Amino acid sequence: MKKLTGLLIAILGFTTISFAQQKNGKVTGQVIDGSSKIIEAATISLLRAGDSSVAKISVADKQGKFVFEAIADGRYMVSISAVGHVKAYSEVFEINEAQKGISIKTIELIPVSKSLNAVTVVSRKPLIEQKIDRTIVNVEAAVTNVGASALDVLEKSPGISIDKDGNISLKGKQGVQVYIDGRPSYLSGTDLATYLRNLTSAQLEQIEIMTNPPAKYDAAGNSGIINIKTKKNKQLGYNGSINLGYGQGRLPKFNESVNFNYRKNKINLFANIGYSNRKNWQDLDIQRKFIDKSTKVLISNFDQNSRIKENGESINAKVGLDYYATQKTTLGIVLNGFNNPGKFSNRSDVYISNPSNVLTNITKAATNNDRKWKNFGANLNLRHVFDSTGKELTADLDYLGYKSTNAQDLVNAYYNAVGQPTDIPDTLLGSLPQDINIYSAKMDYSQPLKKGAKFEAGVKTSFVKTDNDARYDSLLNNQKVLDRGRSNHFVYNENVNAAYVNYSRPFGKKISAQFGLRVENTNIKGRSTGLVYRNNNWVAFDSTFNRHYTQLFPTVFFQYNADKKNTFGLNYGRRIERPDYEDLNPFILFLDRYTFQQGNPGLLPQFSHNIELSHTYKGFLTTTLNYTNTTDIINDVLEQNTSASETFVKKANIAKQRQYGIAVAAGFSVKKWWSMNVYGNVYNNQYSGIINGDFVKTNATTGQFNVGNQFKFNKGWASEVSGFYRTSGIEGVFAIRGFGMMNLGVSKQMMKGKGSVRLNVRDVLWSQKIKGNIRYSNIDAAFQQQRDSRVFNIGFTYRFNKGKVGQKRKVGGAGDEQSRVKAGNEN
């Protein structure tokens, strides 16, 4: 590791040396307003086309003319802003050896009829934007996102699917890393789903979907990265918004949020606070056959009906400060946190019959969970721009702390076929506290080179400690007695050290490429202590495991601009998916007497190779072919103890996965008042490997389709019709039937553009009902699930501001650890 650090320091030291660059390009132009009047003193910004970063800033003269000189080779665009006018942009152009001088055609700014204090200008972005390396979903562009949670917004986004437990898949592959504002969420599984259910759409600005991220990002995430960008106002002066929402399904849902930003001189202060209270229900029916593994003889049938209710509250807040110390240096601090208390109850009736389907026994189970889940996070960030060529250094320090408690009680009552008690009811009490502490530091350096090239390098280190102390007690004669066999204490420590280099450049006018290499060194230590019953005695056990490994993760991107209409892309990346922290913990979480979840300390990371070939036609139609090969894939498996009639779910490295597919995305205007976004993805998944000692091979082709229609009418009216459908397919060893949903919405601008009212109905046809089965070895089970998905929502937004558009605030960053935390409410 010392050699790696020394090498990286040498690389960063070398890259601070200024490269000799040819900077003799020149850009000229003129700006006028919509009535052909000359605008003087307009702010002119020269932006790099690749990332919209500012290369130079100028001011128009009395004739509205402007000029940029000493411009390095590369692709650029110009943005123009002036008081009383809507901001405008030029087309993208290129400075190269053959074309050093560019004269931009005259740009007209649209005047605002009234001052910003009297009216709010609301610009409408397209719902879907296709970029070279990512797909962007603009949340507010969809009327049906009002009143929705962040998880609901993801579910209707192109290529994303959510399973019955809230797990997120991208293009049919699990293992997605979810970032919040460029930093990992450090949550996973049901805990990530709970957090996203409590994050309202009114707090979101964009969803960025990256199926093959470059080397700058953590290598974690089998299927890519989803970056959720929350709202950040960028105006001088003060501005903000107030959002109120109410939803009614079978049960009510409330959400409110306030966003505020104040910027003056060198200080930019921003804050965001939200509250939600969501009541939900879920019906889950499971049919299981217990089969003797050796003889394959049917022993018994279980028909389980579970009725689940959940009441989840959330208060989340973020406050931050940017200090513009100089024109080149910005310092920032961001504090955030949430408090998510919740209650979960499950009432299950289990009907047990013999092989002839004759009812023999009934078990009635009642499970209650009282959970509290708290988080506090802090980020310190630095951005320094060395000069006008774009040399930049950024640094981030992050801390994240999670603390949760989960008080669980499980009561089982036993009856015969005619409903008469057969045994004394038993009660199991559980206390499942969890503490997680995460520390992360990273530094990134970037430098433009001659001929449009760019060099990037960075380092990162993170330290994670999780502490889980599970205690179960049985209630005997109204006295709590320690259940020694089910209690344990698990402590997990992880350190990941990483470094990367990235180089991009154009090769002529039509070809550009990007090459990246990331190295990650992982060090893990886990310890589990408790008691085990052996030879008629309780014996203490102390189990530890240590793992150390270093891996390389290359990335390659090529782009070929064949002509003005056709662009081709090819990219490759290798990625890793480490086990979630809690999935390594061997403690047991009960659903009822016969069904529970259990961790697996033997889990190994999975690795994948991803290749994509894409074609874009006229900038609106993108077709992508993809191939993925994954080894040691981590997935849910079912195991059964036939003699005890128990079924438990756990994660395991079950197999290898091969996937190939094709995706088509198009965004276009049917009429001036009607725009449409269409997405289709057809893929074939194949899993093969040894599960529970038997060789299992599954294969299926699945189609996923999203359609969104946005309609704009006069006097501020707009509406939306959207939906998605997923055909039958497989998720690991589970076969899932097709399902989908349709959404309707309408909105109205009011109060001179400062206010808006939106109404929508999600899952109008109540078609989001999930059914599936699992059959392999001696496992034979089927399930049906439905939930409170048909909801009527009404939302009101009020925007206030006093000021003008300023510069964009820098967002901090960290690693992938947060996306692997598990704690909080289940649904």
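As the structure is a computational prediction, the values presented were derived from the model and not from experiment.

A. View of the nonpolar core. Counting residues in hydrophobic clusters, the biggest one holds 44 residues, and the most contacted among them are Leu 154, Ile 160, Ile 168, Leu 196, Ile 207, Ile 226 and Ile 228. Among all residues touching Leu 154, those that are not within four sequence positions of it are Ile 160, Ile 168, Leu 196, Ile 207, Ile 226 and Ile 228. If you look at the next biggest cluster of nonpolar residues, it comprises 25 residues, including Ile 691, Ile 730, Val 733 and Tyr 776.

B. Region of the structure containing the environment of Lys 289. In this structure, Lys 289 sits in strand 20 (residues 267-291). Using a relative accessible area of 38% as the deciding quantity, one classes Lys 289 as partly exposed. Residues Lys 289 and Asp 780 lie 491 residues apart in sequence; the distance between their C-alpha atoms is 5.5 Å. Sequence-distant contacts of Lys 289, defined by excluding residues within four places in its chain, comprise Leu 298, Ser 300, Asn 301, Gln 640, Asn 778 and Asp 780.

C. Examining unusual backbone geometry more closely. The residue Asn 357 is not glycine, and still its phi comes out positive at about 65°. Turning to its location among the elements, Asn 357 is positioned in the loop between strand 22 (329-353) and strand 23 (359-385). Among the residues examined, Asn 357 registers a relative accessible area of 57% and is labelled exposed. Here the phi dihedral of Asp 632 falls at roughly 55°; this positive angle occurs in a residue that is not glycine. Its place among the elements puts Asp 632 in strand 36 (residues 621-641).

D. The arrangement of the packing of aromatic side chains in detail. Counted according to the given criterion, the structure contains 22 aromatic pairs. Relative to Tyr 594, the ring of Phe 302 has its centre 5.2 Å away and its plane inclined at 80°; by these criteria the two rings are edge-to-face. Of the two residues, Phe 302 sits in strand 21 (residues 298-324) while Tyr 594 sits in the loop between strand 33 (588-592) and strand 34 (595-598), which places them 292 residues apart along the sequence. Each member of the pair, Phe 302 together with Tyr 594, is buried. Here the aromatic residues Trp 673, Trp 674, Phe 711 and Phe 713 are joined through ring pairs into a cluster of three or more. Lying across the ring of Tyr 324, Arg 263 places its NZ or CZ 4.4 Å from the centre. For Lys 769, the ring lying beneath its charged end belongs to Trp 766, and the centroid distance is 4.1 Å.

E. How the structure looks around the environment of Pro 433. Structurally, the position occupied by Pro 433 is in the loop between strand 25 (426-431) and strand 26 (434-448). Between the C-alpha atom of Pro 433 and that of Asn 406, which follows or precedes it by 27 residues, the distance is 6.1 Å. Excluding residues within four positions of it along the chain, Pro 433 makes contact with Ser 404, Thr 405, Asp 467, Asn 468 and Asp 469.

F. The arrangement of the confidence of the model for the chain in detail. For the chain, per-residue confidence averages 81 on the pLDDT scale, and 86% of positions sit at 70 or higher. Across residues 113-123, confidence stays below pLDDT 50; counting only partners more than four residues off in sequence or on other chains, it has 23 contacts.

G. Inspection of a positive patch on the surface at higher detail. On the surface, a cluster of positive charge is contributed by Arg 737, Lys 769, Lys 771 and Arg 790. By the element assignment, Arg 737 lies in the loop between strand 42 (734-736) and strand 43 (739-750).

H. Structural view of the environment of Pro 158. Structurally, Pro 158 can be placed in the loop between helix 2 (150-155) and strand 12 (160-162). On the basis of relative accessibility, which here comes to 11%, the residue Pro 158 falls in the buried class. Note: C-alpha distance between Pro 158 and Asn 706 (548 residues apart in sequence) is 6.2 Å. Aside from chain neighbours lying at most four places away, what touches Pro 158 is Ile 128, Thr 135, Val 137, Ile 209, Tyr 679 and Asn 706.

I. Looking closely at the pattern of salt bridges. Following the criterion strictly, the structure yields 19 salt bridges and no others. Of the charged contacts, one joins Asp 285 and Arg 307 as a salt bridge, the two residues approaching to 3.0 Å between their closest N and O atoms. Of the two residues, Asp 285 is situated in strand 20 and Arg 307 in strand 21; the sequence distance between them amounts to 22 residues. Look at Asp 285 and you get buried, because its relative accessible area is 18%. For Arg 307, a relative accessible area of 36% corresponds to the partly exposed category. One salt bridge connects Arg 578 with Glu 520, and the closest N-O pair in it is separated by 2.7 Å. Here Glu 520 lies in strand 30 (residues 511-534) and Arg 578 lies in the loop between strand 32 (566-577) and strand 33, a separation of 58 residues in the sequence. Residue Glu 520 is classed as buried on the basis of its relative accessible area, which comes to 2%. If you follow the salt bridges from partner to partner, you end up with Asp 218, Lys 460, Arg 518, Glu 520 and Arg 578 in one network.

J. How the structure looks around the pairing of strand 21. As paired elements, strand 20 and strand 21 share 25 bridges and run antiparallel to each other. Following the sheet pairing, Ala 271 is matched in strand 21 by Val 319. Where strand 20 folds back onto strand 21 in an antiparallel hairpin, the turn is made up of six residues, including Lys 296, whose phi is positive at roughly 60°. Across 22 bridges, strand 21 lies against strand 22 in antiparallel orientation. Opposite Asn 305, over in strand 22, you have Asp 349 as the bridge partner. Between strand 21 and strand 22, which follow one another and run antiparallel, lie four residues.

Analysis parameters
- Residues numbered from 1 in each chain as written.
- Predicted model: local features only at pLDDT ≥ 70, side-chain atom pairs only at ≥ 80, totals over all residues.
- Heavy atoms only, no water.
- Core = buried A, V, L, I, M, F, W, Y, C linked by side-chain atoms within 4.5 Å.
- Buried < 20%, exposed > 50% of the residue type's maximum accessible area, 1.4 Å probe, protein only.
- Contact = heavy atoms within 4.5 Å.
- Helix = DSSP H or I, 4+ residues; strand = E, 2+ residues; numbered from the N terminus.
- Phe/Tyr/Trp six-rings, centres within 6.5 Å; stacked < 30°, edge-to-face > 60°.
- Lys NZ or Arg CZ within 6 Å of the ring centre and 35° of its normal.
- pLDDT = per-residue confidence, 0-100.
- Patch = residues over 30% accessible without salt bridge, like charges linked within 9 Å, V, L, I, M, F, W, Y side chains within 5 Å.
- Areas by Shrake-Rupley, 256 points an atom, 1.4 Å probe, with all protein chains shown as cover.
- Salt bridge = Lys/Arg side-chain N within 4 Å of Asp/Glu carboxyl O.
- Lys, Arg positive; Asp, Glu negative; His and termini not counted.
- Charge placed at Lys NZ, Arg CZ, Asp CG, Glu CD.
- Pairing = 2+ DSSP bridges.

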